[in-house]
Amino acid sequence: MLPGSSGSPHNLMGRVIAVANQKGGVGKTTTAINLAASFAAAEVNTLLVDCDPQSNATSGLGFAKDPDRVSSYHLLMGAASAEEALLTTELEQLWLIPAHKNLIGANIELVDADGREFRMRDALAPLRDRFQFVVLDCPPALDLLTLNALVAADAVLIPMQGEYFALEGVSELLDTIERIRAGLNPALGIEGVVLTMFDDRTNLAQQVMSELKNFFGEKLCQTTVPRNIRLAEAPSHGKAALVYDPRSKGAESYIRLAKELIERQPSAVSSPPSAETIATESAEAVEEIPAAVDAMDKSA
Ligand SMILES: Nc1ncnc2c1ncn2[C@@H]1O[C@H](COP(=O)(O)OP(=O)(O)OP(=O)(O)O)[C@@H](O)[C@H]1O
Ligand SMILES: [Mg+2]
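Residues numbered from 1 in each chain as written. Chains lettered and ligands numbered in written order. Predicted model: local features only at pLDDT ≥ 70, side-chain atom pairs only at ≥ 80, totals over all residues.

*Asks:* Tell me about the overall build of the protein, and please be specific about residues and values.
*Replies:* In terms of helices and strands, the protein carries 13 helices and seven strands. Across the protein, the fraction of contacts at a sequence separation of at least 24, relative to all contacts at a separation of at least 6, is 78%. (Helix = DSSP H or I, 4+ residues; strand = E, 2+ residues; numbered from the N terminus. Contact = placed C-beta atoms within 7 Å.)

Quick look at the structure:
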């Protein structure tokens, strides 16, 4: 079943969040999958779009490689509509537009194409009122694929590893965001900066955190994501962490991050669902989420 524009408790215009950082391995895909799954578990229709030829968000949700499947490549090339690319997932309110490694070719194939930076934005436009959140997983490069995601997005969520060189390279990303704001997408905002693989017990981590807080101010998300083995294991089972192990620290942290982002935008979702309502109608696999969220609320 595809989500309709009516019948949803929160049927306002969707918010498009690009998860981007040109640095590799900082937790973009882990964040994209688990944030999208947590939005869906909070009963808001959510679309995850895999914009990376590595296709880790696609395989991480359990979809095997299939060159014949309609994917984000076809969207960028104007060969299929976003509707044709939608896949349902194990979570009732989560949809996926998959990627395939042929997406790497789009960088070259589109080099002289008209409106090459607007392909993703235009492809997603017909779906925007059907999803409350659209999460775009970007590749580790400031290439045309990331550019398309940033032009399609309302805001960028930047995952950063809480390590000594965390800020290294971020000025390049911020410059790119500035340039996009100056031309291709004036409305692009920064959704937040989220610390991933974070171990708050070390002095170094605390120093990095306070440095990032000075630099990003309120944009630094209060929620940090700990290093957690379940987050690393879940994709090999083709599942979001909250399905694989809903009580894990990793799953809990992304549920908390989703709540933080939902609560930050009263205009996108009129009334954020209470912890009690979260996931009550979701797949059986996520039955334990309300308990996990309740536990978090009590400890918060
Ligand atoms: N909080 C975490 N705890 C433990 N392992 C993690 C965590 N976050 C990410 N990982 C692991 O770290 C590796 C890199 O994470 P991920 O693939 O999400 O990064 P990425 O930024 O998307 O990488 P790329 O730049 O290649 O797209 C993966 O093996 C992932 O399972
Ligand atoms: Mg990735």
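*Asks:* Give a detailed account of the nonpolar core, specifying residues and quantitative values.
*Replies:* Leu-136 and Ala-149 are the most contacted members of the largest nonpolar core, which has 84 residues in total. If you tally residues by element for this core, the top one is helix H1 (residues 28–41), at eight residues. Leu-136 has contacts with Val-16, Ile-17, Ala-18, Val-19, Val-49, Cys-51, Ala-149, Ala-152 and Ala-153, leaving out every residue within four places of it along the chain. (Core = buried A, V, L, I, M, F, W, Y, C linked by C-beta atoms within 7 Å. Buried ≥ 20, exposed ≤ 12 C-beta atoms within 10 Å, placed from the backbone.)

*Asks:* Quick rundown of the environment of Thr-31? Include the residues and the values.
*Replies:* Summarising the element assignment, Thr-31 is placed in helix H1. Measuring from C-alpha to C-alpha, the distance between Thr-31 and Val-194 comes to 9.0 Å, with 163 residues separating the pair along the chain. Look past the residues within four positions of Thr-31 in its chain and what remains in contact with it is Val-19, Leu-157, Pro-159, Val-194 and Thr-196.

*Asks:* Hey, could you go over the site of ligand 1 for me, with residue numbers and the actual values?
*Replies:* Taken together, 19 residues are adjacent to ligand 1, and Lys-28, Thr-29, Thr-30, Pro-140 and Ala-232 come closest. Secondary-structure elements contributing two or more residues to the shell around ligand 1 are H1 and helix H10 (229–233). Considering only residue class, the shell around ligand 1 consists of six nonpolar, 10 polar and three charged. (Near = placed C-beta within 6 Å. Nonpolar A, V, L, I, M, F, W, Y, C, P; charged D, E, K, R; others polar.)

*Asks:* Summarise the pairing of strand S5 (residues 133–137); cite the residues concerned and give the values.
*Replies:* Taken across its five residues, S5 has five buried, putting it largely inside the fold. Side chains Phe-133, Val-135 and Asp-137 project from S5 onto one buried face, and the interleaved Val-134 and Leu-136 project onto a second face that is buried too. Pairing between strand S2 (residues 46–50) and S5: five bridges, direction parallel. In the strand pairing of S5, Leu-48 is matched with Val-135. (Pairing = 2+ DSSP bridges.)

*Asks:* Please provide a residue-by-residue account of the confidence of the model for the protein, values included.
*Replies:* Per-residue confidence for the protein gives a mean pLDDT of 87; residues scoring 70 or more make up 84%. pLDDT under 50 marks residues 4–12. Its contacts with residues more than four places away, or in other chains, come to 16 contacts. A low-confidence stretch, residues 268–300 stays under pLDDT 50, and its non-local contacts, those more than four residues away or across chains, total 63 contacts. (pLDDT = per-residue confidence, 0-100.)

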